[in-house]
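So the chains spell out like this:
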There are 2 protein chains.
Amino acid sequence: MEHALHKHTVKSYEDELVRLSRTIAEMGGVAESQLEWALRALTTRDLELAKRTVANDARIDAFEESVHDDAVRLLALRQPMGVDLREIVSVFRISSNLERIGDLSKSVARRVEVLNSMPPLPQVHALRRMGKEVIGQLKDVLDAYVDRNSDRAVAVWRKDELVDGMYNSLFRESLTNMMEDARTISACTHLLFVAKHIERIGDHCTNIAETIHYLVRGERIADERPKGDETETMVQ
Amino acid sequence: MEHALHKHTVKSYEDELVRLSRTIAEMGGVAESQLEWALRALTTRDLELAKRTVANDARIDAFEESVHDDAVRLLALRQPMGVDLREIVSVFRISSNLERIGDLSKSVARRVEVLNSMPPLPQVHALRRMGKEVIGQLKDVLDAYVDRNSDRAVAVWRKDELVDGMYNSLFRESLTNMMEDARTISACTHLLFVAKHIERIGDHCTNIAETIHYLVRGERIADERPKGDETETMVQ
């Protein structure tokens, strides 16, 4: 009887862990569609979609709160060790990265109204490509999480340099644009921030990749982190 | 004998918790001086200090790693519940906010070289005031952490609107500046990002304040979070 009870407890604990991890994957799916919506709203100048994206961010915040509470409860009720403990610690980290991805997507969407009030800029195409790349990385890193695949996570981690390169040329292009036509200054500035938000979302994907590596392997990625925003030291 | 051993274990556990919490306070002190240095380097155009600040960021990253490992070890070896568990969960959150504050300070410092290559801008004074305000909030929130004082944490949380207001007027001023004199475009853009970094550091202080409230009271701050960056919807 005692044995059966014990087994039951263990079983339900595993269930809880699986459920927690599924919630993270679900939260990741929402973050992904928020990012997609924000970028589509921006590139198609769709204010209604932008507003829906902004309103929808509350869902991600609610996810984070409930995931946090569940993780704390699991820590208190069970005494996880080893990979189980890393599962829960990773939940804290990944959910906080997803929450930031949601926030940044909201910031992109919030700028649609201002940008719609000004003539469209050519950089919007570069931005779309950059956004597509980051959406791909977010998808990949979420798949890596679901599969507990650290190699796939490391592959995402390495690809962050690509996004940084895209950001760097967008930065340059925008400065040139502003200098050549002062009427574009306001729009270019907002677009630069949008680009920076997307670059940051790429960084969060990198963070999630690091967390997956730690979760699966029990140790940090040994390599140096790829270089980040190089525009910080870019003398124009 | 067993009783004495038990007491010893408990005592050393408390010691470990206290030590972990002291390390967080120490890490906070380093983050604070990094922010101070970055801002001083920027306003006094001191490239040497900027470089030291950039190099010193590795210290904060090392802090985060060691704090993370200690917290995971404490979770695995002890079975903390209630406020002890919240202590450890808070360590994860606060250290990750401090790590970001370090990163953002590094980004500020990294822009000093570019900004030094261009004529100084009048906005630098507004930036200094904004920086001073955020440094004050970081100090306050770290004190609130050391004293486990949730009222003081909530006071910091409420003051974030002040920084956001400063950022908003700096944003406006910079756009005007760029439109009036195209030669300032590059410098203004970098300065705008510096201002955004500082505004983000203010947000991280707000996050830390929320974590302290949760740590001390066991529940979230009930109020709506103060409004953030209003420039996102600001039609110039």
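Since we're looking at a predicted model, the values are computed, not measured.

Our next topic: the overall build of chain A. Counting secondary structure elements, chain A contains 7 helices and 0 strands. With the C-alpha coordinates of chain A rotated into their principal frame, the extents come out at 80 × 40 × 20 Å. Residues classed as buried in chain A amount to 56% of the 236 residues present. Taken as a whole, chain A presents about 10300 Å² of accessible surface, with 51% of it coming from carbon and sulfur. One finds the centroid of the 33 positive side-chain charges in chain A at a distance of 3 Å from the centroid of its 40 negative side-chain charges.

Core analysis: the largest hydrophobic core is formed by 152 residues, its most contacted members being A:Leu98, A:Val141 and B:Leu98. Those residues in contact with A:Val141, other than ones at most four positions away along the chain, are A:Val156, A:Cys205, A:Ile208, A:Ala209 and A:Ile212.

Placing chain A over chain B gives an RMSD of 0.0 Å and needs a rotation angle of 180°, together with 0.0 Å of translation along the axis. Such values leave the two copies arranged in the relation of a two-fold axis. Rotation axis and chain A: the residue whose C-alpha lies nearest the axis is A:Gln79, separated from it by 3.1 Å. An overlap of 100% is found between the interface residues of chain A and their copies at the interface of chain B, pointing to a shared contact surface.

On to the packing of aromatic side chains. How two aromatic rings sit relative to each other is given by the distance of their centres and the angle of their planes. One pass over the full model with this rule turns up 6 aromatic pairs over all chains. Taking the centre distance of 6.2 Å and the plane angle of 50° together, the rings of A:Tyr167 and A:Phe171 count as tilted. Separated by 4 residues within a single helix, A:Tyr167 and A:Phe171 lie in helix H6 (residues 150–180), roughly one turn from each other. Comparing A:Tyr167 with A:Phe171, the two get one shared label, buried. By way of ring pairs, the aromatic residues A:Tyr167, A:Phe171, A:Phe193, B:Tyr167, B:Phe171 and B:Phe193 are connected into one cluster. Here B:Arg93 stacks its cationic end above the ring of B:Tyr214, 5.6 Å away from the centre of that ring.

On to the environment of A:Glu64. Residues and elements named next belong to chain A. For Glu64, the position within the fold is in helix H2 (residues 47–77). Measuring from C-alpha to C-alpha, the distance between Glu64 and Val91 comes to 9.5 Å, with 27 residues separating the pair along the chain. Setting aside its immediate chain neighbours within four residues, Glu64 contacts Met27, Ser95, Ser96 and Glu99.

Our next topic: the interface of chain A and chain B. For an interface, size is often stated in terms of accessible area lost upon the parts coming together. Counting residues at the interface gives 44 residues for chain A and 44 residues for chain B. Carbon and sulfur atoms supply 62% of the area that chain A and chain B bury against each other, a total of about 3900 Å² over both sides. For the interface between chain A and chain B, the tally reads 9 salt bridges. Here A:Arg111 and B:Asp229 are joined by a salt bridge, their closest N and O atoms 3.7 Å apart. Our enumeration of links across chain A and chain B arrives at 12 residue pairs in polar contact (both at pLDDT 80 or more).

Attention now goes to the pattern of salt bridges. Applying the stated rule across the entire model yields 43 salt bridges over all chains. The closest approach of N and O atoms between A:Arg148 and A:Glu87, which form a salt bridge, is 2.9 Å. In this pair, A:Arg148 is assigned in the loop between helix H5 (123–147) and H6 and A:Glu87 in helix H3 (residues 82–110), connecting sequence segments 61 residues apart. Among the ionic pairs, B:Lys139 bridges to B:Glu32, the shortest N-O distance being 2.8 Å. On the criterion of sequence distance, the pair formed by B:Lys139 in helix H5 (residues 123–147) and B:Glu32 in helix H1 (residues 2–44) is long-range, its members being 107 residues apart.

Right, let's talk about the side chain of A:Ser90 for a bit. Residues and elements named next belong to chain A. If you trace the backbone, Ser90 turns up in helix H3. Judged by its relative accessible area of 0%, Ser90 is buried. Those residues in contact with Ser90, other than ones at most four positions away along the chain, are Thr211, Tyr214 and Leu215.

Attention now goes to the environment of A:Phe92. With respect to the secondary-structure elements, A:Phe92 resides in helix H3. Owing to a relative accessible area of 10%, A:Phe92 belongs among the buried residues under this scheme. Spatially, the C-alpha atom of A:Phe92 lies 23 Å from that of A:Ser107, the residues being 15 residues apart in sequence. For A:Phe92, the contacting residues outside a window of four places in its chain are A:His68, A:Ala71, A:Val72, A:Leu75 and B:Val89.

So, about the packing of helix H2 (residues 47–77) of chain B against helix H3 (residues 82–110) of chain B. Residue and element names in this part refer to chain B. The N-to-C vectors of H2 and H3 enclose an angle of 165°; their axes lie 9 Å apart at closest approach. Considered as vectors, H2 and H3 are oriented roughly antiparallel to each other. Seen along the crossing, H2 lies across H3 with a hand that is left-handed. When its residues are assigned to classes, the contact of H2 with H3 shows 14 nonpolar, 5 polar and 7 charged.

Reading the values: rules and limits
- Every chain is numbered on its own, with residues counted from 1 as its sequence reads.
- Lettering of chains starts at A and numbering of ligands starts at 1, both following the order in which they are written.
- Under the rules for a predicted model, residues below a pLDDT of 70 receive no local features and side-chain atom pairs below 80 are neither given nor counted, while totals for whole chains, interfaces and linings still include all residues.
- Side-chain figures throughout are based on the complete set of non-hydrogen atoms in the structure, without hydrogens or water.
- Each helix corresponds to a stretch of at least 4 residues labelled H or I by DSSP, and each strand to a stretch of at least 2 residues labelled E; elements are numbered beginning at the N terminus.
- A simple rule labels every residue: compare its accessible area, found with a 1.4 Å probe on the protein chains alone, to the largest value its type can have, and call it buried under 20%, exposed over 50%, or partly exposed in between.
- Only the protein chains shown count as cover for residues, and the accessible areas themselves come from Shrake-Rupley with a 1.4 Å probe.
- Think of it this way: Lys and Arg go in the positive column, Asp and Glu in the negative one, and His and the chain ends go nowhere.
- Here the site of a charge means NZ on Lys, CZ on Arg, CG on Asp, or CD on Glu.
- Here, the term nonpolar core denotes a set of buried Ala, Val, Leu, Ile, Met, Phe, Trp, Tyr and Cys residues that are joined through side-chain atoms within 4.5 Å.
- In this analysis, two residues are considered to be in contact whenever any of their non-hydrogen atoms come within 4.5 Å of each other.
- Our superposition of the copies is a least-squares fit, built on the C-alpha atoms of residues whose pLDDT is at least 70 in both.
- In summary, the pairing rule links any two rings of Phe, Tyr or Trp, Trp by its six-membered ring, whose centres are within 6.5 Å, and it sorts them by plane angle into stacked for under 30 degrees, edge-to-face for over 60 and tilted for everything else.
- Look at NZ for Lys and CZ for Arg. If either is within 6 Å of the ring centre and within 35 degrees of the ring normal, a charge sits over the ring.
- Two parts lose some accessible area (1.4 Å probe) when they are put together, and adding that loss for both gives the buried area.
- The term salt bridge refers to a side-chain nitrogen of Lys or Arg lying within 4 Å of a carboxyl oxygen of Asp or Glu.
- Two N or O atoms count as a polar contact when they lie within 3.5 Å, although within protein this holds only if one can serve as hydrogen donor and the other as acceptor, and sequence-adjacent residues are included solely when both atoms are side-chain atoms.
- Geometry is summarised by axes, namely lines fitted to C-alpha atoms with helices restricted to the contacting stretch, and by angles between N-to-C directions that run from 0 to 180 degrees.
- Working rule for angles: under 35 degrees goes down as roughly parallel, over 145 as roughly antiparallel, 65 to 115 as roughly perpendicular, anything else as oblique.
- For a crossing to be left-handed, the near helix must be turned anticlockwise from the far one by less than a right angle; the clockwise case is right-handed.
- Ten residue types, Ala, Val, Leu, Ile, Met, Phe, Trp, Tyr, Cys and Pro, are classed as nonpolar, four, Asp, Glu, Lys and Arg, as charged, and the remainder, Gly among them, as polar.

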